[in-house]
Amino acid sequence: MMDRLGQYPVVFQVGEEADQWKVRSRTPKKSLLCQLGILLLRNIREIVIVFIASIITIRALMWILRRRMIAIKTSEAYAVVVDLLQHQKRLYSTNEETDPFMVETHLRDEVLPDERPDVKKTIWNAVSKRMSRDSRMLRLGPKTVYGVPAYTWEWRGSLRNRRSSIGVSPMSGIPRSP
């Protein structure tokens, strides 16, 4: 009978009696840990390729999901900003004591209260860019508000009655204008 490498085993006598013989392979048995190490070394190239490919795939998926999340939150925040600016303009038209504008930092903090600072900055930059392209809103500034220079946003479009905006904002629980 041959062993794994095609060699005949070595037979030797263990004790003094004639019936105590032991068969040993020419190649010594290796421990499971050693066999695992040999398997890893023989297939290291494939293991490294699979590992790197899986890391790249996971990073790409995380990047895509983050971009989608930011796009969704940007559109939701933009809708809330439009509602807040319209509501502020309505308050101004009924009550002359309020201002027709909202300070940019207050608007940002009201729309995105619970976001991490880096995510808040990314979302607000996208919302601000979208707002600057909208002709119904006007960015003024730096305007002195309570003695501090600040940029403000003011609603310049027509005030329409939006039935879909009645209720609570999905972003932060801000009551929307009727």
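Since we're looking at a predicted model, the values are computed, not measured.

### Regarding the overall build of the protein
Then step 1. Scanning the protein from terminus to terminus reveals 4 helices and 5 strands.
Then step 2. Written out in order from the N terminus, the α and β elements of the protein read β-β-α-α-β-α-α-β-β.
Then step 3. Counting every position in the protein, which comprises 178 residues, the buried fraction comes to 24%.
Then step 4. The long-range share in the protein, meaning contacts at least 24 apart out of those at least 6 apart in sequence, stands at 48%.
Then step 5. Here the protein has roughly 13200 Å² of accessible surface; of this, 59% comes from carbon and sulfur atoms.

### Topic: the packing of helix α1 (residues 32-42) against helix α2 (residues 44-94)
Then step 1. Between α1 and α2, the shortest axis-to-axis distance is 4 Å and the interhelical angle comes to 70°. When the axes of α1 and α2 are compared, the pair comes out roughly perpendicular. From α1, L40, L41 and R42 reach across to α2, where they touch I44, E46 and I47.
Then step 2. Of the residues assigned to the contact of α1 with α2, the class counts are 4 nonpolar, no polar and 2 charged.

### Concerning the environment of R108
Then step 1. Relative to the assigned elements, R108 resides in helix α3 (residues 104-111).
Then step 2. It is 9.3 Å that separates the C-alpha atoms of R108 and K121, two residues lying 13 residues apart in sequence.
Then step 3. Ignoring sequence-local partners within four residues, the contact set of R108 consists of K120 and W124.

### Digging into the confidence of the model for the protein
Then step 1. The pLDDT averaged across the protein works out to 80; a share of 74% of its residues lies at or above 70.
Then step 2. Summarising per-element confidence for the protein, the mean pLDDT is lowest in strand β1 (residues 10-13) (56) and highest in α2 (94).
Then step 3. Scored below 50 in pLDDT, residues 163-173 shows 25 contacts in the model against residues more than four places distant or in partner chains.

### Points about the pairing of strand β5 (residues 148-155)
Then step 1. Bridge count between strand β3 (residues 101-103) and β5: 3 bridges; the pairing is antiparallel. Residue F101 lies in a different strand from β5, and its bridge partner there is E154.
Then step 2. Pairing of strand β4 (residues 137-145) with β5 involves 7 bridges; the strand directions are antiparallel. Across the sheet, residue V145 finds its bridge partner in β5, namely V148.
Then step 3. Remark: 2 residues form the turn of the hairpin made by β4 and β5, two consecutive strands paired antiparallel; Y146 in that turn has positive phi of roughly 55°.

About the criteria used
Residues numbered from 1 in each chain as written. Predicted model: local features only at pLDDT ≥ 70, side-chain atom pairs only at ≥ 80, totals over all residues. Heavy atoms only, no water. Helix = DSSP H or I, 4+ residues; strand = E, 2+ residues; numbered from the N terminus. Buried < 20%, exposed > 50% of the residue type's maximum accessible area, 1.4 Å probe, protein only. Contact = heavy atoms within 4.5 Å. Areas by Shrake-Rupley, 256 points an atom, 1.4 Å probe, with all protein chains shown as cover. Axes fitted to C-alpha atoms, helices over the stretch in contact; angles between N-to-C directions. Parallel < 35°, antiparallel > 145°, perpendicular 65-115°, else oblique. Nonpolar A, V, L, I, M, F, W, Y, C, P; charged D, E, K, R; others polar. pLDDT = per-residue confidence, 0-100. Pairing = 2+ DSSP bridges.

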